[in-house]
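# Survey of secondary and tertiary structure
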Amino acid sequence: SVFTETHPLFAQLFLSSPTIPHCSMATLIGLSLRVKLWRSVPPRFRVTVRIEPGTHASEHAINQQLADKERVSAALENKNLLGVVNKCIANGMKSS
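Residues numbered from 1 in each chain as written. Predicted model: local features only at pLDDT ≥ 70, side-chain atom pairs only at ≥ 80, totals over all residues. Heavy atoms only, no water.

## Some details on the pairing of strand β2 (residues 11–16)
Counted residue by residue, β2 has six buried out of six residues, so it is predominantly covered. Along β2, one buried face is formed by Ala-11, Leu-13 and Leu-15 and the opposite face, lined by Gln-12, Phe-14 and Ser-16, is buried too. The pairing of β2 with strand β3 (residues 46–51) spans six bridges and is parallel. Counterpart to Ser-16 in the pairing with β3 is Ile-51. Between the parallel pair β2 and β3, the chain is carried across by helix α1 (residues 26–40), and the sense of this crossover is right-handed. (Buried < 20%, exposed > 50% of the residue type's maximum accessible area, 1.4 Å probe, protein only. Helix = DSSP H or I, 4+ residues; strand = E, 2+ residues; numbered from the N terminus. Pairing = 2+ DSSP bridges. Right-handed = clockwise from strand over helix to strand, strands pointing away.)

## Some points on the packing of α1 against helix α2 (residues 59–67)
The interhelical angle for the contact between α1 and α2, taken along N-to-C directions, is 30°, at an axis separation of 10 Å. When the axes of α1 and α2 are compared, the pair comes out roughly parallel. Helix-helix and strand crossings are classified by hand; for α1 and α2 the assignment is right-handed. Where α1 approaches α2, its residues Ala-26, Thr-27, Gly-30, Leu-31 and Arg-34 are matched on the opposing element by Ile-62, Gln-65, Leu-66 and Ala-67. Within the contact of α1 with α2, the residues separate by chemical class into five nonpolar, three polar and one charged. (Axes fitted to C-alpha atoms, helices over the stretch in contact; angles between N-to-C directions. Parallel < 35°, antiparallel > 145°, perpendicular 65-115°, else oblique. Left-handed = near helix turned anticlockwise from the far one by under 90°. Contact = heavy atoms within 4.5 Å. Nonpolar A, V, L, I, M, F, W, Y, C, P; charged D, E, K, R; others polar.)

Quick look at the structure:
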């Protein structure tokens, strides 16, 4: 699930809750959310994607990765990872 909170000055906070505390896909899901929001939200918005507190065993490490712009940019330079992220975004947009 994703919780959204609006802050002053066009800031958006998105909290993601993994289905299980040891979900191995939590980082990929967070990265996919962040990329989708970068592509969808006007640049005047500051977007933050985090794991909801208490919902994942590696919550702190994942949040650090998602908050580090250089690490996110480096991850997206990897063509294989970018392809996976794009598939996650595309598959999430399909209606059933």
